[in-house]
Amino acid sequence: CTITYSVTQTAGNDNTGATGSVKTVYIKGMNCRSDIASPSFSQSIIYNHNTGSAVILRTISQGKFITSLDATHWQQQNSVYEGMKLSLVNESKTILGYECKKAVATLKNDSTYIIWYTTTVKPTIQENPFQFKDVPGFVLEYEAIIKSSKVTYTATKINFNPLPASLFVIPASGYKELKQDR
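Residues numbered from 1 in each chain as written. Predicted model: local features only at pLDDT ≥ 70, side-chain atom pairs only at ≥ 80, totals over all residues. Heavy atoms only, no water.

### Overview of the pairing of strand S12 (residues 149-159)
Each regular strand carries side chains that alternate between the two faces of the sheet. Here 10 bridges tie strand S1 (residues 2-11) to S12, and the two strands are oriented antiparallel to one another. Looking at S12, one finds that Thr-10 is bridged to Lys-150. Across 6 bridges, the pairing between strand S11 (residues 138-146) and S12 is antiparallel. Bridge pairing in S12 links Ala-144 to Val-151. Linking S11 back to S12 in an antiparallel pair, the connection comprises 2 residues, with Lys-147 at a positive phi of about 55°. (Pairing = 2+ DSSP bridges. Helix = DSSP H or I, 4+ residues; strand = E, 2+ residues; numbered from the N terminus.)

This is how it looks when you write it as structure tokens:
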């Protein structure tokens with residue numbers, strides 16, 4: 001399936017940074033690809049659930065960069081979500097015609113995620129098994145509240161058409177390799 005999210009960011013009363021960006025998630029079998037396109041950069045994360053590894057492709061200005069992460073380093077990159085406390089809330093709303101339930105996730109660093117998920121859509125894997133661990137459904141909206149900044153991702157379209165395998169192919173050239181700090 002393909003899910004498209006609109007992105008809005010606020011810091012205090014000002015819209016900043018990520019507003020106007022689009023996040024697109026592609027899920028096929030045990031592979032997931034998340035693309036973020038903003039006016040200033042683009043990033044794709046290609047995650048293989050079978051191996052637990054990920055590749056991050058970034059385009060900033062004219063530069064193209066690639067970072068490969070094995071399962072251990074991908075888990076380390078997502079360690080901020082370890083020990084996350086998830087509370088299910090008795091609230092609901094409709095997103096794209098799907099009834100969604102609310103959950104609140106609190107991280108050890110006091111960041112908070114407001115999550116709206118549906119139990120109707122059941123993809124083969126979660127987009128990010130660290131970030132949405134223990135959420136009992138598929139996330140159609142989430143809001144990250146970090147200090148005084150808030151970024152909201154809201155699903156605007158879901159498409160269940162088959163995806164080409166080429167979406168999950170790692171480019172062999174055209175990118176400068178960035179080594180992950182180890």
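Next comes the rest of the account.
### Some remarks on the pattern of salt bridges
Per the counting criterion, the structure on display carries 4 salt bridges. The salt bridge involving Lys-102 is made with Glu-91; its shortest N-O contact spans 3.6 Å. Taken together, the residues Lys-102 in strand S9 (residues 98-106) and Glu-91 in strand S8 (residues 85-95) connect sequence positions 11 residues apart. For Lys-102, a relative accessible area of 15% puts it in the buried group. The class for Glu-91 is partly exposed, based on a relative accessible area of 40%. The closest approach of N and O atoms between Lys-93 and Glu-141, which form a salt bridge, is 2.8 Å. Here Lys-93, found in strand S8, pairs with Glu-141, found in strand S11; they are 48 residues apart in sequence, far enough to count as distant. (Salt bridge = Lys/Arg side-chain N within 4 Å of Asp/Glu carboxyl O. Buried < 20%, exposed > 50% of the residue type's maximum accessible area, 1.4 Å probe, protein only.)

### Some words on the packing of aromatic side chains
Overall, the coordinates contain 6 aromatic pairs when judged by the stated rule. Aromatic side chains Tyr-142 and Tyr-153 sit 4.5 Å apart centroid to centroid with 10° between the ring planes, which places their arrangement in the stacked category. Linking Tyr-142 in strand S11 with Tyr-153 in strand S12, this pair joins segments that are 11 residues apart in sequence. Looking at Tyr-142, the relative accessible area reads 2%, which means it is buried. Given the relative accessible area of 15%, Tyr-153 is considered buried. Of the aromatic side chains, those joined through ring pairs into one cluster are Tyr-5, Tyr-81, Tyr-113, Phe-132, Tyr-142 and Tyr-153. Its guanidinium or amino end placed over the ring of Tyr-5, Lys-23 lies 5.9 Å from that ring's centre, counting from NZ or CZ. Seen from the ring of Tyr-153, Lys-23 lies directly overhead, with NZ or CZ sitting 5.1 Å from the centre. (Phe/Tyr/Trp six-rings, centres within 6.5 Å; stacked < 30°, edge-to-face > 60°. Lys NZ or Arg CZ within 6 Å of the ring centre and 35° of its normal.)

In short, shape yes, function no, at least from these values alone.
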